Amino acid sequence: MQISTVQPVFKLELNHKVTSGVVIIAKYDGTHPCLTASAGYDKIIIHHPHGLVGGRAQRSEAHAEVSELNLSQAVKALAAGPLKDDCTRDMLLIGSPTQILAYDVHENTDLFFKEVPDGVNVINTGRVGKSSEMLAVVGGNSSVIGLNGKGEEIFWNVVSGRVVAVTVFDFDKDGENELLIGCEDSFIRVMKNNQFMVELPETGSVLCLSPISDVRFAYGLENGTIGVYEEGIRLWRVKSKQNAVSLQSSGEWLACCWTNGRVDWRDGTGRVVRRIQLRSNSAGMLLADYRSLGVPDLVCVSDRGEVLGYPPYQESSGFNITKKYATEEDRLAITELMNKKQALMVELQHYEANAAMDNSNADLGHKPSSAMPTNTRLQVAVTTDCDEGCIQLAISTNNETIVRAALILAEGVFETGETLACHPSRGQLRPILFIPLRPPRDVPIDVHIKALIGYPDSEQFHIFELTKHLPRFSMYKLIDASIQKQKIEGNVTFHITERVQRIYIWINQNFLLEKEIEIANEEAKDINLNFICLRDESNLQMNFSVDGQVKLTTNDIRLAGDLIQSLATFLNLTNLQVCYYFSQIPFIVQNIKQKVCFLNIYYNLVHNFNK
């Protein structure tokens with residue numbers, strides 16, 4: 001990683017504070033780009049370096065090239081696109097808590113105004129499916145809506161989570177754009193023809209989505225993770241202490257703008273190749289030809305109104321900037337390298353001291369304190385523990401050495417963070433170190449282990465690293481049908497046409513089993529399995545009949561949906577007709593209706609009182 005001193009190709013001050021995440025660039029006259037942002041609760045600013053913006057927008061007293069547009073409601077989201085038929089000019093889309101306004105800035109007219117009862121969290125524009133019509137896609141608290149230039153509803157669908165990011169992208173490479181939806185429930189969903197075709201589980205709430213090529217898109221999560229997917233397969237991901245504000249394709253790399261004002265460029269493996277630091281926190285980063293030169297620049301906007309433009313980074317030419325003088329970033333880089341050098345020198349001194357002590361012990365006939373057999377290996381096993389309601393991670397070695405301490409890194413597993421350190425006292429040292437894991441959600445998890453290995457009386461230890469994969473349904477233990485404790489009333493049934501061997505492969509890959517299950521004989525084709533959930537001791541039954549009939553029996557409707565989604569993805573099923581029965585659903589719906597009724601009464605009372 002290089003700390004870059006690349007200078008921006010342009011720089012300006014808006015003299016207004018900017019709301020983070022509510023920044024866009026649009027061409028309201030069809031030619032000249034204008035930076036538009038929320039500058040407070042109900043105010044929008046428009047930077048127009050190529051000409052004046054009239055109508056409702058009033059020229060700002062703080063900047064001659066900035067106009068202010070004052071509204072009567074809070075500004076939650078902004079977007080722009082050519083929604084008018086046979087018109088290349090961008091229309092400004094303004095999202096308030098329960099309304100959306102499409103405004104023609106150039107002609108000072110309203111394109112449409114629409115109530116959105118589910119709320120407005122994010123807006124984007126694009127062409128979806130086979131239609132050539134530009135749509136405004138609105139993500140709400142539990143739904144996603146597509147509106148045309150007249151404000152007419154083209155599609156609507158329910159999403160099981162608050163929508164916080166949305167973009168259009170040709171996910172399946174069929175020449176038609178699908179809808180990528182990022183939700184607070186940690187799923188990236190792909191919607192095609194108003195139906196959800198893929199769900200990608202993640203480890204945190206999705207903050208941003210951005211297409212970076214014809215086959216790849218990038219994502220950012222609330223826990224600081226960013227990564228890249230290609231055709232549903234995650235290529236890489238990295239973790240940071242900060243949250244990503246925006247992700248953009250920059251030349252050959254991925255540019256990421258973080259909340260603390262840091263902007264870095266990453267290669268195809270997620271490694272940082274360049275990095276710059278803004279003077280204040282970030283409000284947004286956009287890719288646009290803001291200088292009208294035919295080449296897009298990365299336009300970085302800080303929350304204090306500072307705007308910096310950087311050229312896309314190319315591996316062959318870099319930024320084409322020569323550094324003549326040492327700057328503060330150079331000095332920081334030198335200090336970082338000196339610290340690394342000092343740490344390596346200290347480590348070398350420790351090795352030399354250990355070697356001298358080992359030679360001394362060898363002369364006296366004692367066992368070396370730091371040396372260990374060259375064939376030492378770290379062994380990791382995973383077992384289900386019904387008594388403790390967890391997964392036991394057992395760490396040991398293949399000889400007389402012991403595991404003195406272990407550092408476990410796993411996203412979304414531990415309540416206090418993503419890292420757990422286990423270091424028993426000397427009196428509690430055992431040949432095997434057990435660490436309990438309790439994943440709260442049914443998602444596949446990679447557990448990264450760093451263990452300190454040595455002898456019980458050692459003072460210096462060797463570090464061993466290993467990664468263990470936990471399958472998606474690892475919190476379900478296979479049991480005998482005779483020990484089932486709970487009556488199960490809910491179930492789902494459907495029919496598939498698939499070889500029984502494929503069903504066995506799916507079960508072995510997605511459940512944590514003591515040994516892989518196999519076909520007992522050619523005549524026994526039916527599969528009947530019973531599981532118990534380690535979280536709440538609820539039961540799950542799976543029955544696969546020889547005629548293709550499948551029955552999943554569980555009281556957890558979310559678990560049933562996850563099982564169907566996992567099985568359909570594994571078998572490459574695009575359509576599956578399912579019949580379900582859950583006795584508690586009518587009561588849940590009735591309770592929700594009562595709550596909504598009470599909220600409406602309360603809202604009407606407050607509304608009438610305010611009048």
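Residues numbered from 1 in each chain as written. Predicted model: local features only at pLDDT ≥ 70, side-chain atom pairs only at ≥ 80, totals over all residues. Heavy atoms only, no water.

S.K.: What exactly am I supposed to notice about helix 3 (residues 557-570) here?
M.R.: The periodicity of an α-helix, 3.6 residues per turn, causes residues three or four positions apart to be oriented the same way. For helix 3, which comprises 14 residues, the first-to-last C-alpha distance of 20 Å matches the rise-based estimate of 20 Å (1.5 Å per residue) to within 8%. Where the residues of helix 3 are buried, they touch strand 37 (476-479), strand 38 (491-495), helix 2 (500-510), strand 40 (539-544), strand 41 (549-553) and strand 42 (578-581). Sitting at the amino-terminal end of helix 3 is D556, which places a side-chain oxygen 3.0 Å from the backbone nitrogen of R558. (Helix = DSSP H or I, 4+ residues; strand = E, 2+ residues; numbered from the N terminus. Expected span 1.5 Å × (residues − 1). Contact = heavy atoms within 4.5 Å. Polar contact = N/O pair within 3.5 Å; in protein donor to acceptor, adjacent residues only side chain to side chain.)

S.K.: Just checking my understanding: could you explain the sheet that holds strand 24 (residues 253-258) for this structure?
M.R.: Backbone-to-backbone hydrogen bonds join strands into a sheet, with any given pair of strands oriented parallel or antiparallel. The antiparallel open sheet is built from four strands, whose spatial order is 23-24-25-26. Two strands lie at the open edges of the sheet, namely strand 23 (244-250) and strand 26 (272-277), each paired on one side alone. Within this sheet the neighbouring strands show an average axis-to-axis angle of 20°, counted without direction. (Pairing = 2+ DSSP bridges. Axes fitted to C-alpha atoms, helices over the stretch in contact; angles between N-to-C directions.)

S.K.: Please explain the pairing of strand 22 (residues 233-239) as it appears in this structure.
M.R.: Walk down a regular strand and you will see the side chains alternate between the two sheet faces. Here strand 21 (residues 225-230) pairs with strand 22 via six bridges, running antiparallel. Within the sheet, the bridge partner assigned to G227 lies in strand 22 and is R237.

S.K.: Any chance you could explain the confidence of the model for the protein here in plain terms?
M.R.: Close inspection of predicted coordinates is inappropriate for parts of the model with low pLDDT. Summarising the model, the protein shows a mean pLDDT of 84, and 89% of its residues fall at 70 or more. Residue range residues 315-325 is modelled with pLDDT below 50. Its contacts to residues more than four positions away, or to other chains, number 15 contacts. (pLDDT = per-residue confidence, 0-100.)

S.K.: Looking at this structure, how should I read the packing of aromatic side chains?
M.R.: Any aromatic ring pair is given by two values, namely how distant the centres are and how the planes are angled relative to each other. With the rule as written, the count across this model stands at eleven aromatic pairs. A ring pair is formed by W265 and Y310, whose centres lie 6.4 Å apart and whose planes are at 80°; its orientation type is edge-to-face. Of this pair, W265 sits in strand 25 (residues 262-266) while Y310 sits in strand 29 (residues 306-310), placing them 45 residues apart in sequence. In this pair, the class of W265 matches that of Y310, namely buried. A network of ring pairs unites the aromatic residues F169, F171, F217, Y219 and Y229 as a single cluster. (Phe/Tyr/Trp six-rings, centres within 6.5 Å; stacked < 30°, edge-to-face > 60°. Buried < 20%, exposed > 50% of the residue type's maximum accessible area, 1.4 Å probe, protein only.)

S.K.: Before we go on, may I ask you to explain the packing of helix 2 against helix 3 in this structure?
M.R.: Contact geometry of helix 2 with helix 3 gives a least axis separation of 11 Å together with a crossing angle of 125°. Overall, the two elements helix 2 and helix 3 adopt an arrangement that is oblique. Our pair here, helix 2 against helix 3, has a crossing hand that is right-handed. Contact residues: R502, I503, I505, W506, Q509 and N510 in helix 2; L563, S566, L567 and F570 in helix 3. Residues that form the contact of helix 2 with helix 3 fall into these classes: six nonpolar, three polar and one charged. (Parallel < 35°, antiparallel > 145°, perpendicular 65-115°, else oblique. Left-handed = near helix turned anticlockwise from the far one by under 90°. Nonpolar A, V, L, I, M, F, W, Y, C, P; charged D, E, K, R; others polar.)

S.K.: What is the right way to read a nonpolar patch on the surface from this model?
M.R.: On the surface, a cluster of nonpolar side chains totalling about 250 Å² of accessible area is made up of I588, I592 and V596. Among the structural elements, I588 can be located in helix 4 (residues 585-610). (Patch = residues over 30% accessible without salt bridge, like charges linked within 9 Å, V, L, I, M, F, W, Y side chains within 5 Å. Areas by Shrake-Rupley, 256 points an atom, 1.4 Å probe, with all protein chains shown as cover. Salt bridge = Lys/Arg side-chain N within 4 Å of Asp/Glu carboxyl O.)

S.K.: What exactly am I supposed to notice about the sheet that holds strand 33 (residues 417-422) here?
M.R.: An order of 33-32-35-36 is seen for the four strands of this open sheet, with the pairing classed as antiparallel. Because the sheet does not close on itself, it has two edges, and the strands there are strand 33 and strand 36 (462-470). Shown here is a sheet whose adjacent strand axes are inclined to one another by a mean of 20°, direction ignored. Of the strand pairs in this sheet, strand 32 (residues 402-414) and strand 35 (residues 445-454) are connected by seven bridges, and their pairing is antiparallel. Within strand 35, the position partnered with L409 by the bridge is H448.

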